Amino acid sequence: EAASPVTLSPGARRERFWTLYEMNRVEQASEEARAGVRDHPEDDSLLALVALSEFVLKRTDSARAATEATLARNPESHWGRRVLVRLRALDEEWEAAEDLCRQMVAQHPDASWSHLELAQTMTAAPGSMARVDEIESHLSRAIELDPEDGDTYVAGVAMMLTHLRYRRAEELELAGLAVDT
């Protein structure tokens, strides 16, 4: 008699997803999240991870469907909302994307990711040069809230280079290297 497959908890599925995702094995991460949704259809956080990975894999129709399903179950899902921001930006719906980011900052003012998401969305939008001070302010707040997140420094370097703030980009690069060592 064949052994029955092991059903992992939602937490174990999320942990496996993030391990694969951070190793840039996004296809496998997506499969892990999908397996979690099959095993735990009530867990909207796993569905949000399907949305995220599908977006990263440029499967926008699948990402949209998973995002809509996530937000239908849990309108406050932060990953569902973050993927929705990225989909709005992809569709060049800049005002809608920024409005969603501002809502996330208002609801999660002490979350580094909310400020970073807003800064990145503002950077990608047309006319960002005129708003570079606000962008830098949100980037600085993100770093202040989570100074050990090396990815925030990397994103910050890219944003500051986009806005021709070379000295600030260099400062962020050096600070990020100090965090990663």
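Structure first, text after, so check above.
Residues numbered from 1 in each chain as written. Predicted model: local features only at pLDDT ≥ 70, side-chain atom pairs only at ≥ 80, totals over all residues. Heavy atoms only, no water.

A. Structural detail: the overall build of the chain. Along the backbone of the chain there are ten helices and zero strands. Scanning the chain from its N terminus toward the C terminus, one meets helices and strands in the order α-α-α-α-α-α-α-α-α-α. For 181 residues, the compact-globule estimate of 2.2 N^0.38 gives 16 Å, and the chain sits close to it at 18 Å. Seen through its principal axes, the chain has C-alpha atoms that stretch 65 × 40 × 30 Å. Burial status across the chain gives 45% buried among its 181 residues. Within the chain, counting contacts between residues at least 6 apart in sequence, those at least 24 apart form 53% of the total. (Helix = DSSP H or I, 4+ residues; strand = E, 2+ residues; numbered from the N terminus. Rg over C-alpha atoms; globule rule 2.2 N^0.38 Å. Buried < 20%, exposed > 50% of the residue type's maximum accessible area, 1.4 Å probe, protein only. Contact = heavy atoms within 4.5 Å.)

B. Quick look at the nonpolar core. Counting residues in hydrophobic clusters, the biggest one holds 26 residues, and the most contacted among them are V85, L116, I135, L139, M159, M160 and L172. Those elements giving two or more residues to this core turn out to be helix 5 (78–90), helix 6 (94–107), helix 7 (112–124), helix 8 (132–145), helix 9 (150–162) and helix 10 (166–180). By size, the runner-up hydrophobic cluster in this structure holds 18 residues, among which are L49, V50, A66 and V83. (Core = buried A, V, L, I, M, F, W, Y, C linked by side-chain atoms within 4.5 Å.)

C. Representation of the layout of surface pockets. Each pocket or cavity is described by its volume, and for the largest pocket that value is around 630 Å³. Forming the walls of the largest pocket are 24 residues, and the residues nearest its centre are R82, R86, L116, Q120 and D151. Taken together, the elements giving at least two residues each to the lining of the largest pocket come down to helix 1 (10–22), helix 5, helix 7 and helix 9. Looking at which element gives the most residues to the lining of the largest pocket, the answer is helix 7, with eight residues. (1 Å grid on protein atoms, 1.4 Å probe; cavity = no way out; pocket = protein on both sides within 12 Å on 5 of 7 lines; lining within 4 Å. Points joined across faces, edges and corners; volume = space filled by probe spheres on them.)

D. Seen up close, helix 2 (residues 26–39). Here helix 2 is 14 residues long and its end C-alpha atoms lie 20 Å apart, about the 20 Å a rise of 1.5 Å per residue gives. On its buried face, helix 2 is in contact with helix 1 and helix 3 (44–56). (Expected span 1.5 Å × (residues − 1).)

E. How the structure looks around the packing of helix 3 against helix 5. The N-to-C vectors of helix 3 and helix 5 enclose an angle of 30 degrees; their axes lie 8 Å apart at closest approach. As judged from the angle between their axes, helix 3 and helix 5 are roughly parallel. As for the relative orientation of helix 3 and helix 5, their crossing is left-handed in sense. Only W79, G80, V83, R86, L87 and L90 of helix 5 make contact with helix 3, whose side of the interface consists of A48, L49, A51, L52 and F55. (Axes fitted to C-alpha atoms, helices over the stretch in contact; angles between N-to-C directions. Parallel < 35°, antiparallel > 145°, perpendicular 65-115°, else oblique. Left-handed = near helix turned anticlockwise from the far one by under 90°.)

F. Main features of the packing of aromatic side chains. Counted according to the given criterion, the structure contains four aromatic pairs. Relative to W18, the ring of F17 has its centre 5.0 Å away and its plane inclined at 90 degrees; by these criteria the two rings are edge-to-face. Here F17 falls in the buried class, since its relative accessible area comes to 0%. Ring geometry for W18 against Y21: centres 5.3 Å apart, planes inclined by 80 degrees, an arrangement best described as edge-to-face. With a gap of three residues between them, W18 and Y21 both fall in helix 1, about one helical turn apart. What makes W18 partly exposed here is its relative accessible area of 24%. Through pairs of rings, three or more aromatic residues link up here, namely F17, W18, Y21 and W79. Directly above the aromatic system of W79 lies the positively charged group of R82, at a separation of 4.1 Å from the ring centroid. (Phe/Tyr/Trp six-rings, centres within 6.5 Å; stacked < 30°, edge-to-face > 60°. Lys NZ or Arg CZ within 6 Å of the ring centre and 35° of its normal.)

G. Highlighting the environment of D43. Tracing the chain through its elements places D43 in the loop between helix 2 and helix 3. By relative accessible area, D43 is classed as buried at 14%. Along the primary structure D43 and S62 are separated by 19 residues, whereas in three dimensions their C-alpha atoms are 18 Å apart. The contact partners of D43, leaving out residues within four places of it in the chain, are P10, R14 and R73. At 2.4 Å, the side chain of D43 forms a polar contact with the side chain of S45. Only 3.1 Å separates the side chain of D43 from the backbone nitrogen of L46, close enough to count as a polar contact. (Polar contact = N/O pair within 3.5 Å; in protein donor to acceptor, adjacent residues only side chain to side chain.)

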